[in-house]
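Below, each chain spelled out in residue letters.
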Amino acid sequence: TQLLKQSPQFLSIQEGENLTVYCNSSSVFSSLQWYRQEPGEGPVLLVTVVTGGEVKKLKRLTFQFGDARKDSSLHITAAQPGDTGLYLCAGAKGSEKLVFGKGTKLTVNP
Amino acid sequence: NAGVTQTPKFRILKIGQSMTLQCTQDMNHNYMYWYRQDPGMGLKLIYYSVGAGITDKGEVPNGYNVSRSTTEDFPLRLELAAPSQTSVYFCASSYIPRERYGYTFGSGTRLTVV
């Protein structure tokens, strides 16, 4: 059973386009995190959202936590080749271990 | 800060050989984890530790062993390597509360078993 489902699995776009990737679950999480993983490296934490409805911005990246704390989205404005990577969401339920989704592999073509 | 350091970066093993993947962190994190990552399958937890002397199994522990004698080090031992253990292995550590501060990952060990 896949606790956190990410979509799309693959996304290939041109530089300058906007995109949104999704992280969905039937479970409620106390917090949700987004990581970016570049080829040959480990995942790096981008943001943590903890409040239902919360929106956080990191330059051209906008993260939203669903009101019911079951889902999240990541929106990238004017994507650049440097945004290329695997985007992973991870959910936490209290003090339990993080649960990771399978990721969205984003390719931004120049 | 070095963060989480994993060695080696790459390794090729023959079936039946054993090896230890090293992981050390210099952030004084209590929690440490070992994951494996296969293409399209996300991160699967192998073992984790909540502090020195305490370890527990994750989702896919078979064929692996760990120890945690110090806060800094969390080595992963592969006994009798099998082709199914070909993967990229990541070590991670976290602060408390881990769900708020996230995990710090190493850069991985790419293991091929032939």
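On a predicted model such as this, the values are computed, not experimentally measured, just so you know.

## Description of the pairing of strand S5 (residues 44–49) of chain A
Phase 1 of the analysis: Taken together, the five bridges between strand S4 (residues 31–37) of chain A and S5 of chain A define a ladder with antiparallel strand orientation. Residue pairing in the sheet places tyrosine 35 of chain A in a bridge with leucine 45 of chain A of S5 of chain A.

## Details of the state of the cysteines
Phase 1 of the analysis: One pass over the structure, following the stated rule, counts two disulfides over all chains.
Phase 2 of the analysis: What pairs with cysteine 23 of chain A in a disulfide is cysteine 89 of chain A, and their sulfur atoms sit 2.0 Å apart. Residues cysteine 23 of chain A and cysteine 89 of chain A are joined by a disulfide whose S-S torsion is about 75 degrees; by sign, that bridge is right-handed. In this pair, cysteine 23 of chain A sits in strand S3 (residues 19–24) while cysteine 89 of chain A sits in strand S9 (residues 85–92), placing the two residues 66 residues apart along the sequence.
Phase 3 of the analysis: Bridging cysteine 23 of chain B to cysteine 91 of chain B, the disulfide has an S-S length of 1.9 Å. As the torsion about the S-S bond is roughly -70 degrees, the cysteine 23 of chain B-cysteine 91 of chain B disulfide counts as left-handed. One end of the pair, cysteine 23 of chain B, is in strand S3 (residues 19–25); the other, cysteine 91 of chain B, is in strand S9 (residues 87–94), with 68 residues separating them in the sequence.
Phase 4 of the analysis: Owing to a relative accessible area of 2%, cysteine 23 of chain B belongs among the buried residues under this scheme.

## Here's the deal with the pairing of S4 of chain A
When a strand is regular, its side chains alternate between the sheet's two faces.
All names here are of chain A.
Phase 1 of the analysis: Of all seven residues in S4, six are buried, a share of seventy percent or more.
Phase 2 of the analysis: Of the strand pairs in this sheet, S4 and S9 are connected by seven bridges, and their pairing is antiparallel. Residue serine 31 lies in a different strand from S9, and its bridge partner there is alanine 92.
Phase 3 of the analysis: Joining the antiparallel neighbours S4 and S5 is a turn of six residues, in which glycine 40 adopts a positive phi near 80 degrees.

## Let's talk about the packing of aromatic side chains
The description of two aromatic rings rests on the distance between their centres and on the angle between their planes.
Phase 1 of the analysis: One pass over the structure, following the stated rule, counts 12 aromatic pairs over all chains.
Phase 2 of the analysis: Centroid distance tyrosine 35 of chain A to phenylalanine 105 of chain B: 5.9 Å. Interplanar angle 90 degrees. Geometry classified as edge-to-face. With tyrosine 35 of chain A in strand S4 and phenylalanine 105 of chain B in strand S10 (residues 103–105), this residue pair bridges two chains.
Phase 3 of the analysis: Judged by centre distance (6.4 Å) and plane angle (35 degrees), the rings of tyrosine 33 of chain B and tyrosine 35 of chain B are tilted.
Phase 4 of the analysis: The structure contains a cluster of three or more aromatic residues connected by ring pairs, namely Tyr35 and Phe100 of chain A together with Tyr33, Tyr35, Phe90, Tyr103 and Phe105 of chain B.

## Quick word on the side chain of serine 94 of chain B
Residues and elements named next belong to chain B.
Phase 1 of the analysis: With respect to the helices, strands and loops of the structure, serine 94 is situated in strand S9.
Phase 2 of the analysis: A distance of 2.8 Å separates a polar atom in the side chain of serine 94 from a polar atom in the side chain of tyrosine 33.
Phase 3 of the analysis: The residues touching serine 94, leaving out its near neighbours within four places in the chain, are His29, Asn30, Tyr31, Tyr33, Gly102 and Tyr103.

## As for the layout of surface pockets
Phase 1 of the analysis: The calculated volume of the largest pocket comes to roughly 690 Å³.
Phase 2 of the analysis: Considering the residues around the largest pocket, the lining is formed by 32 residues, among which Gln37 and Leu86 of chain A together with Gln37, Pro39 and Arg110 of chain B are closest to the centre.
Phase 3 of the analysis: Of all the secondary-structure elements, those providing two or more residues to the lining of the largest pocket are S9 and strand S11 (104–109) of chain A together with strand S4 (31–38), S9 and strand S11 (109–113) of chain B.
Phase 4 of the analysis: Considering each element in turn, the lining of the largest pocket owes the most residues, four residues, to S11 of chain B.
Phase 5 of the analysis: The residue makeup of the lining of the largest pocket, split by class, is 10 nonpolar, 15 polar and seven charged.

## Concerning the sheet that holds strand S7 (residues 64–66) of chain B
Residues and elements named next belong to chain B.
Phase 1 of the analysis: Taking strand neighbours across the sheet as the criterion, the four strands line up as S1-S3-S8-S7 in an open arrangement whose pairing is antiparallel. The strands lining the two open edges of the sheet, one partner per strand, are strand S1 (4–7) and S7. Pairs of neighbouring strands in the sheet enclose a mean axial angle of 20 degrees, with direction left out of account.
Phase 2 of the analysis: Bridge count for S1 against S3 is four bridges, and the pairing is antiparallel. When the sheet's bridge partners are listed, valine 4 is paired in S3 with glutamine 25.

Criteria and cut-off values
Residues numbered from 1 in each chain as written. Chains lettered and ligands numbered in written order. Predicted model: local features only at pLDDT ≥ 70, side-chain atom pairs only at ≥ 80, totals over all residues. Heavy atoms only, no water. Pairing = 2+ DSSP bridges. Helix = DSSP H or I, 4+ residues; strand = E, 2+ residues; numbered from the N terminus. Disulfide = S-S within 2.5 Å. Buried < 20%, exposed > 50% of the residue type's maximum accessible area, 1.4 Å probe, protein only. Phe/Tyr/Trp six-rings, centres within 6.5 Å; stacked < 30°, edge-to-face > 60°. Polar contact = N/O pair within 3.5 Å; in protein donor to acceptor, adjacent residues only side chain to side chain. Contact = heavy atoms within 4.5 Å. 1 Å grid on protein atoms, 1.4 Å probe; cavity = no way out; pocket = protein on both sides within 12 Å on 5 of 7 lines; lining within 4 Å. Points joined across faces, edges and corners; volume = space filled by probe spheres on them. Nonpolar A, V, L, I, M, F, W, Y, C, P; charged D, E, K, R; others polar. Axes fitted to C-alpha atoms, helices over the stretch in contact; angles between N-to-C directions.

All we've got here are geometric facts, nothing functional implied.
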